[in-house]
2 protein chains.
Amino acid sequence: MSFQKYTLKDIAKALNLSTSTVSRALRDSYEISEETKKKVLSYAQKINFQVNPIARSLKERRSNTIGVIVSEISNNFFSQVIEGIESVAYDRNYQVVITQSHENNKREKLLVEHLFKRSIDGLLMTLSAESNETEYLEDLVKSGFPLVFFDRVPETFDAHKVIADNKKGGVEAVEYLVRKGCRRIAHITGNHNLSTNRERLDGFKKGLKANGFPFEEEAVRYCPHGGADAGEMERAVQELESYGYDGIFISGDRLTTGYLQALNRLGDLENKTHRIVGFTNSKVFEIFNPPITAIKQPAIEMGEKAAKLLIAQIEAKYPMEEYETIMLPIEMASK
Amino acid sequence: MSFQKYTLKDIAKALNLSTSTVSRALRDSYEISEETKKKVLSYAQKINFQVNPIARSLKERRSNTIGVIVSEISNNFFSQVIEGIESVAYDRNYQVVITQSHENNKREKLLVEHLFKRSIDGLLMTLSAESNETEYLEDLVKSGFPLVFFDRVPETFDAHKVIADNKKGGVEAVEYLVRKGCRRIAHITGNHNLSTNRERLDGFKKGLKANGFPFEEEAVRYCPHGGADAGEMERAVQELESYGYDGIFISGDRLTTGYLQALNRLGDLENKTHRIVGFTNSKVFEIFNPPITAIKQPAIEMGEKAAKLLIAQIEAKYPMEEYETIMLPIEMASK
DNA sequence: ATGAAAGCGCTAACAG
DNA sequence: CTGTTAGCGCTTTCAT
């Protein structure tokens, strides 16, 4: 590997050509003779020449960079999504710039602006739990800027979206629990700004109905801090006690592990013999105690699909007419 | 938020100034009168002007971008490191470009080259398990290019490094187990290309010695695939059976969870009452079954420290004279 | 204190 | 088929 950086000019000088000829030869232009192309290519190879992407970006007005906003990188689910994004981007020669909103609406807005000004060619984002004010995103979409939402998506306006079938997740969770003999099913959910939690609650209701169970408000506990707040979760667990449930469906990754942590801390694991079904993308849910049935989102695939959809937009000659929503199936797994 | 992009020229035209004056005013140059500065600044604010980072990069020959290479983004530990890196970089106005080596030496080399050519200002990397050939990295370091290794670092040459106190982790693991009454302590380790695994094994040996126990080769099982290969781990567990251990120390994140998975699969959790101490950065190790004592690396801090060290190098007027190795303490935690 | 002009490395319109 | 030239948006030297 050589660390010397060469320019077109260097090659031009060495071969007694003009920079434009070199440029064209390297881009395999039809205007250049085979002979010259060969000469240029082989010399370029020899010195391990690489075009300066910054100069090219300035000229072409595109950076080959896509921005990503997630709430937290070190979250099972999001890190897997990022893994998917990165792999597609790498193959298509895009750089990926990752940022974190920390569930904060203000910061999210700053990030969008920051990334936008940083000349990203497109943006991949999931909404923060606090995102109530999303007008600026609607404007951004309407302006034609390539943007794909994944997982937590806006519902007040049209846009490209990649999501999991959250509602079905709720339905299947209930069905599974009923099949296993549960008769009183509780639900723990997170912040209802998020499309995901609302959809999963919908699924929960639908599942109950389909199985002839009434929906009872006392069966549901809300943890707006999404499991990050231990006290909140412990309270939820204790409040739910009186409901006497024999099965529970939990709406999110941190909520699920938070619930298990709370059970462990409150320390009556033996008495609790209820079944637990929860959304989680943990790769090691089989070693959790108490055991759970996991609902997984195809995170890597979601990242891949979102990245592909975004790159398609970026590289489209004309803005894409129709907004597309890709819905991915969820997957249930028991130990 | 406005999506219109303005240039210096736009401002210059609007205010009847030259672009150079505007440029200087925006950078608060002493040559510009307060009055003009005010005029320019307020107008810039009004139209929400942002310099074009690409043009600036071309001119200044720096991209304000740092590259990161990890083996896998969706790994507890690495995603936490990235979280730390991102936060520091964001504050100091650097972009972070993340890539994954997938433990593959060839790909790692390609990435280094790729990032380098992409005009990153500096590189943060952890070695892949396959990294045996690291000469090119030595050359890169010697060339003066800003580069900081973290976690898995090269040992055949000097460089800036940020690591955890792995050896101490091994020592403390043994000490903990002995204190809890263990008399026969086993060890599972990963690929010995990696500094981390070698150091932890060293610590293991040292800990045994300090407590008057002999080191026995049969006590150690090697899992070069680092827990990613389930069969490998199951074999290790079964082979270890005959050693009759009452305590075990496990050398890595995936190895630790892999060990627990293997125990669960092999299914005699009740008979196994040995104590387990393992490196893991899982945020939810308290809900693991069987219970373990976790050795955590300060991952976020490691990312922060590495990023700061890197940025210091990038922004240093003269190349830093001395290579610095920052060693961070590990932390033990039980349920 | 301000402006004109050059140049970072590249691409492409235009000319030949 | 190849070269000349202009220009992407910015910073900075040199002139005034």
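Quick caveat, the model's predicted, so the values are computed rather than measured.

Draft legend 1. Representation of the sheet that holds strand β6 (residues 185–189) of chain A in the model. All names here are of chain A. As summarised here, the arrangement of the 6 strands in space is β7-β6-β8-β9-β10-β12, forming an open sheet in which the pairing is mixed. The strands lining the two open edges of the sheet, one partner per strand, are β7 (220–222) and β12 (331–334). In this sheet, adjacent strand axes meet at a mean angle of 15° when their direction is disregarded. Bridging between strand β8 (residues 247–250) and strand β9 (residues 275–279) involves 4 bridges; their strand directions are parallel. Looking at the pairing, I250 lines up with G278 of β9. Running over the sheet, helix α9 (residues 195–210) touches β6, β7, β8 and β9 and is turned about 170° from β6.

Draft legend 2. Expanded view of the pattern of salt bridges. All names here are of chain A. The final tally for this structure, using the stated rule, is 26 salt bridges over all chains. The partner of R265 in a salt bridge is E234, with the nearest N and O atoms 2.4 Å apart. Remark: E234 occurs in helix α10 (residues 230–241) and R265 occurs in helix α11 (residues 253–266); sequence separation between them is 31 residues. Judged by relative accessible area, E234 falls into the partly exposed class, the value being 22%. Salt bridges linked by common partners bring D28, E34 and K37 together as one network.

Draft legend 3. Looking closely at the protein's contact with DNA strand D. Within the structure, DNA strand D sits among 26 residues, and S20, T21, R24 and T36 of chain A together with L8 of chain B are positioned closest to it. R27 of chain B is positioned such that a nitrogen or oxygen atom in its side chain is 3.2 Å from a phosphate oxygen of DNA strand D. Within the contact set of DNA strand D, a phosphate oxygen lies 3.1 Å away from a backbone nitrogen or oxygen of N52 of chain B. Among the elements of the structure, α2 (19–26) and α4 (53–60) of chain A together with α2 (19–26) and α4 (53–60) of chain B are those that each provide at least two residues to the surface near DNA strand D. The dominant element in the surface near DNA strand D, judged by the number of residues it contributes, is α4 of chain B, at 4 residues.

Draft legend 4. Spotlight on the interface of chain A and chain B. Counting from both sides, the interface comprises 58 residues of chain A and, opposite them, 58 residues of chain B. Roughly 5800 Å² of surface becomes buried between chain A and chain B when both sides are summed, with 60% attributable to carbon and sulfur atoms. Run the count over chain A and chain B and you get 2 salt bridges. The salt bridge partner of E86 of chain B is R107 of chain A, with a shortest N-O separation of 3.9 Å. Here chain A is connected to chain B by 24 residue pairs in polar contact (both at pLDDT 80 or more). Elements represented by at least two residues in the side of chain A that touches chain B include exactly α4, α5 (76–91), β2 (95–100), α6 (105–117), α7 (135–142) and α11 of chain A. For the side of chain A that touches chain B, the leading source of residues is α6 of chain A, giving 8 residues. Per-class residue counts for the side of chain A that touches chain B are 23 nonpolar, 23 polar and 12 charged.

Draft legend 5. Focus on the protein's contact with DNA strand C. Residues in close proximity to DNA strand C total 27 residues, the closest being L8 and S23 of chain A together with T21, R24 and T36 of chain B. Expressed as a percentage, the sugar and phosphate content of the atoms of DNA strand C within 4 Å of the protein is 67%. Taking N52 of chain A, its main chain carries an N or O atom lying 3.1 Å from a phosphate oxygen of DNA strand C. Contacts to DNA strand C include A55 of chain A, whose backbone N or O atom sits 3.4 Å from a base nitrogen. Put simply, the parts of the chain that give the surface near DNA strand C at least two residues each are α2 and α4 of chain A together with α2 and α4 of chain B. In terms of residues, the surface near DNA strand C owes the most to one element, α4 of chain A, which gives 4 residues. Class assignment of the residues belonging to the surface near DNA strand C gives a composition of 8 nonpolar, 10 polar and 9 charged.

Draft legend 6. Representation of the relation of the copies chain A and chain B in the model. Between chain A and chain B, which share one sequence, the superposing operator has a rotation angle of 180° and an axial displacement of 0.0 Å; the RMSD is 0.0 Å. Interpreted geometrically, this transformation is the action of a two-fold axis. Both copies present the same face, since 100% of the interface residues in chain A are matched by interface residues at the equivalent positions in chain B.

Draft legend 7. Geometry of unusual backbone geometry. In this chain, N289 of chain A is followed by P290 of chain A through a cis amide linkage whose omega measures -5°. The residue E103 of chain A is not glycine, and still its phi comes out positive at about 60°. Here the phi dihedral of H102 of chain B falls at roughly 50°; this positive angle occurs in a residue that is not glycine. Looking at the element boundaries, H102 of chain B is found in the loop between β2 (95–100) and α6 (105–117).

Draft legend 8. How the structure looks around empty space enclosed by the protein. Overall, the coordinates contain 3 cavities of 30 Å³ or more when judged by the stated rule. Approximately 250 Å³ is the volume found for the largest cavity. Lining the largest cavity we find 17 residues, and of these I54, T65 and Q95 of chain A together with I54 and T65 of chain B sit closest to its centre. Within the residue set of the lining of the largest cavity, elements represented by two or more residues are α4 of chain A together with α4 of chain B. For the lining of the largest cavity, the class distribution of residues is 5 nonpolar, 10 polar and 2 charged.

Rules behind the numbers
- Residue indices begin from 1 for each chain and proceed along its sequence in written order.
- Lettering of chains starts at A and numbering of ligands starts at 1, both following the order in which they are written.
- Two thresholds apply to this predicted model, a pLDDT of at least 70 for residue-level local features and 80 or more for giving and counting side-chain atom pairs, whereas whole-chain, interface and lining totals are computed over all residues.
- With hydrogens and water excluded, all non-hydrogen atoms of the structure serve as input to the side-chain values.
- Each pair of strands is called paired provided DSSP finds at least two bridges between the two strands.
- In DSSP terms, a helix is any run of H or I states spanning at least four residues, a strand is any run of E spanning at least two, and both are numbered starting from the N terminus.
- A fitted line through C-alpha atoms serves as each axis, taken over the contacting stretch for helices, and the angle formed by two N-to-C directions is quoted from 0 to 180°.
- In what follows, a contact means two residues having at least one pair of non-hydrogen atoms within 4.5 Å.
- Salt bridge, as used here, is a side-chain nitrogen of Lys or Arg placed within 4 Å of a carboxyl oxygen of Asp or Glu.
- For the exposure calls, accessible area comes from a 1.4 Å probe over protein chains only, and a residue counts as buried if that area is under 20% of its type's maximum, exposed if over 50%, partly exposed in between.
- Near is defined per residue: the residue qualifies when any heavy atom it owns lies within 4 Å of the molecule or strand.
- Counting of polar contacts relies on pairs of N or O atoms within 3.5 Å, with two restrictions inside protein: one atom must be capable of donating a hydrogen and the other of accepting it, and residues adjacent in sequence are counted only when both atoms are side-chain atoms.
- Values labelled buried area give the accessible surface lost by two parts on being combined, using a 1.4 Å probe and summing over both.
- Amino acids outside the nonpolar list (Ala, Val, Leu, Ile, Met, Phe, Trp, Tyr, Cys, Pro) and the charged list (Asp, Glu, Lys, Arg) are all regarded as polar, and Gly is one of them.
- A least-squares fit on C-alpha atoms brings the copies together, and the residues used are those whose pLDDT is at least 70 in both copies.
- Think of a 1 Å grid over just the protein atoms. A cavity is a set of points where a 1.4 Å probe fits yet cannot get out, a pocket is an open set with protein on both sides within 12 Å along at least five of seven lines, and lining residues have an atom within 4 Å of a point.
- Grid points are joined across faces, edges and corners, and a volume is the space filled by probe spheres set on the points.

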